[in-house]
Amino acid sequence: MSDQLFDTGDGGAAAGEGAEAIPPNAPLAVRMRPRTLDEMVGQEHIVGEGSALRAAIESGRPHSAILYGPPGAGKTTLARIAARMADGAFEEESAVNAGKAEIRGVIERARERRRSSGRPTILFLDEIHRFNKAQQDALLPAVEEGLLTLIGATTENPYFEVNSALISRSQVYELAPLSPGQVEELLRRALADPERGIADPPPVADEALAMLAERSGGDARTALSALERAVERAGGKEVDVAAVEDALQRRAISYDRQGDRHYDFISAWIKSTRGSDVDASLYYLAVMLEGGEDPRFIARRMVILASEDIGNADPMALVVADAAARAVDRVGLPECALNLSQAAIYLALAPKSNAATTAIGAAREEVRRHGAQTPPDYLRDAHYPGAKALGRGKGYQYAHDHPGNVAAQQYLPDPLAARTFYEPTGNGREKAFGERLAELRRRLGRG
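Rules behind the numbers
Residues numbered from 1 in each chain as written. Predicted model: local features only at pLDDT ≥ 70, side-chain atom pairs only at ≥ 80, totals over all residues. Heavy atoms only, no water. Helix = DSSP H or I, 4+ residues; strand = E, 2+ residues; numbered from the N terminus. Rg over C-alpha atoms; globule rule 2.2 N^0.38 Å. Buried < 20%, exposed > 50% of the residue type's maximum accessible area, 1.4 Å probe, protein only. Contact = heavy atoms within 4.5 Å. Areas by Shrake-Rupley, 256 points an atom, 1.4 Å probe, with all protein chains shown as cover. Expected span 1.5 Å × (residues − 1). Polar contact = N/O pair within 3.5 Å; in protein donor to acceptor, adjacent residues only side chain to side chain. Phe/Tyr/Trp six-rings, centres within 6.5 Å; stacked < 30°, edge-to-face > 60°. pLDDT = per-residue confidence, 0-100. Axes fitted to C-alpha atoms, helices over the stretch in contact; angles between N-to-C directions. Parallel < 35°, antiparallel > 145°, perpendicular 65-115°, else oblique. Nonpolar A, V, L, I, M, F, W, Y, C, P; charged D, E, K, R; others polar. Salt bridge = Lys/Arg side-chain N within 4 Å of Asp/Glu carboxyl O. Pairing = 2+ DSSP bridges.

### Quick look at the overall build of the protein
- Secondary structure assignment for the protein yields 19 helices and five strands.
- Taken over C-alpha atoms, the radius of gyration comes to 32 Å for the protein, far larger than the 22 Å a tight globule of 447 residues would show.
- Here the C-alpha coordinates of the protein stretch approximately 100 × 60 × 40 Å along the principal axes.
- Residue burial in the protein is summarised as follows: out of 447 residues, 44% are buried.
- Of the contacts formed within the protein by residues at least 6 apart in sequence, a portion of 72% connects residues at least 24 apart.
- Surface accessibility of the protein: about 23,100 Å² in total, with carbon and sulfur atoms responsible for 51%.

Right, here's the structure in full:
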């Protein structure tokens, strides 16, 4: 691929020289793409006045960077602005189509360029997360020696998808979804700009614009594309809410079962359910189901949460979660969504306790630190020949021979005789557990 990204119409201007030529029949989202940092909407946290990234772009010497964010947030726009202002050649590749051969070609041209003119090379690699480790490794030497300035764009968390060596040589910038107000600003620009936007636009109802901005999910490309379709379908008549709804149809949910969105939403569901917000729990459950999440994965997390965050404050929580998990296997989608909903509601409304979690955590930490202490001889196995000669089982008191089925004997190893691990919280059923525990420890001589 040549180092010319922008067709200036002069037959040979290098990237960064002249204006980008965009065909008049290009999609609205392409025609309205901001051409300067001042035209950008949103992302002030990384390109605002005085920011390091803005200073680097305006100087014409951008540093290697990974632009991470949702679709339509401005990753490609930012890279193209950097290219236009760059004091150097600009190469663009998509990781969807490019392989090691294309990357080697970019590197060879960059090396020849530096040898012949000293001119630097900037490589914009879209969807960098699609490159495997070997492909990313092929880039590393050129980035390390400064032969290439890499600007990668990805919708996936780069800390999961990009080699740590590349990340360590780049600055990671996270772009946020645009707010509804910012999206609406871009829509109004498209209606007001006769050259780049919609020529002779029909009236567009304010509530239709507001709904479009809200429904776009922070994706400027989705919003502008839907506006373009709505105007076309309106045929010169006013674009109302119904026209926008028709243009939008059902927007695909930004959800990747293998990426960080997968972890973000299950994390949000766990924390909301733990926090007893039943509405948030149901919402994040709906997002996961609509996004195509494996319901068995959700059910497994429910079973874990039932013990981790509820435990004996409501022992039925584990029963409900386990029943939901079984129902998922038996019923499948779409009907098992009802079972998951029932379980999510129960888990969110149940009294909470992490006592079971902290108890086993404390016990395991004791073992890790000090090893496994030998049990008292009377608790050890006495069923093999010679066991009695070793004193195994001697002095053991059978609990059912004592009042209340409790024998007052020491069960923990000698060094841990006074150690406690389980401390009930006093929530729900665990209040009764606490009272019972205090009585048992007293009768065992430990209270």
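Additional details are given in the paragraphs that follow.
### Things to note about helix α6 (residues 133–144)
- Taking 1.5 Å per residue as the helical rise, α6 with its twelve residues ought to reach 16 Å, and the 16 Å between its terminal C-alpha atoms agrees with that figure.
- Among the residues of α6, those classed as buried are Gln135, Gln136, Leu139, Leu140, Ala142 and Val143.
- Where α6 is buried, its residues contact α5 (100–117), β3 (121–126), β4 (148–154), α7 (158–161) and α8 (164–168).
- If you check the start of α6, you find a side-chain oxygen 3.1 Å away from the backbone N of alanine 134, and it comes from asparagine 132.
- Glycine 146 sits one or two residues past α6 and shows a positive phi near 80°.

### A word on the packing of aromatic side chains
- Throughout the structure, instances matching the rule amount to three aromatic pairs.
- When the centroid spacing of 5.9 Å and the interplanar angle of 70° are considered together, the rings of phenylalanine 160 and tyrosine 263 count as edge-to-face. In this pair, phenylalanine 160 is assigned in helix α7 and tyrosine 263 in helix α13 (residues 260–274), connecting sequence segments 103 residues apart.
- When its relative accessible area of 45% is taken as the criterion, tyrosine 263 is described as partly exposed.
- Look at tyrosine 283 and tyrosine 284: their rings are 5.3 Å apart centre to centre, the planes differ by 70°, and that puts the pair in the edge-to-face class.
- Here the aromatic cluster, defined as three or more aromatic residues joined through ring pairs, consists of Phe265, Tyr283 and Tyr284.

### Some thoughts on the confidence of the model for the protein
- Per-residue confidence for the protein gives a mean pLDDT of 85, with 92% of residues at or over 70.
- Note that pLDDT drops below 50 for residues 1–19; the model gives that stretch 43 contacts with residues more than four away or on any other chain.

### Structural notes on the packing of helix α16 (residues 316–331) against helix α17 (residues 336–349)
- Taken N-terminus to C-terminus, the directions of α16 and α17 make an angle of 170°; their axes are 9 Å apart at the nearest point. Considered as vectors, α16 and α17 are oriented roughly antiparallel to each other. Residues Met316, Ala317, Val320, Ala324, Ala327, Val328 and Val331 of α16 form the contact with α17, whose own contacting residues are Cys336, Asn339, Leu340, Ala343, Tyr346 and Leu347.
- Looking at the contact of α16 with α17 residue by residue, the class counts come to twelve nonpolar, one polar and no charged.

### What about the pattern of salt bridges?
- A complete count under the given rule lists 30 salt bridges for this structure.
- A salt bridge links arginine 169 to glutamate 144; its shortest N-O distance comes to 2.7 Å. Of the two residues, arginine 169 is situated in the loop between α8 and β5 (171–174) and glutamate 144 in helix α6; the sequence distance between them amounts to 25 residues.
- The shortest N-O distance in the salt bridge between arginine 188 and glutamate 184 comes to 2.9 Å. On the criterion of helical spacing, the pair formed by arginine 188 and glutamate 184 is a turn pair, its members being four residues apart in helix α9 (residues 180–192).
- Three or more residues are tied together by salt bridges with common partners; here these are Asp38, Glu49, Arg54 and Glu58.

### Topic: unusual backbone geometry
- Following leucine 333, the chain continues to proline 334 via a peptide bond in cis, the omega torsion being 5°.
- Among the secondary structure elements, proline 334 is positioned in the loop between α16 and α17.
- Phi at glutamine 43 is positive, roughly 60°, even though this residue is not glycine.
- With respect to the secondary-structure elements, glutamine 43 resides in the loop between α1 (28–31) and α2 (44–47).
- Phi is positive for asparagine 405, close to 60°, though the residue is something other than glycine.
- Position of asparagine 405 among the secondary structure elements: in the loop between α18 (355–370) and α19 (430–443).
- Accessibility expressed as a relative area gives 45% for asparagine 405, which makes it partly exposed.

### Here we look at the sheet that holds strand β2 (residues 89–94)
- Ordered by their spatial adjacency, five strands build an open sheet running β2-β3-β4-β1-β5, and the pairing between neighbours is parallel. What marks the edges here is a single partner per strand, and that holds for β2 and β5. Averaged over all neighbouring strand pairs, the angle between strand axes comes to 15°, with direction disregarded.
- Note that β2 and β3 share six bridges and pair parallel. Residue phenylalanine 90 lies in a different strand from β3, and its bridge partner there is isoleucine 122.

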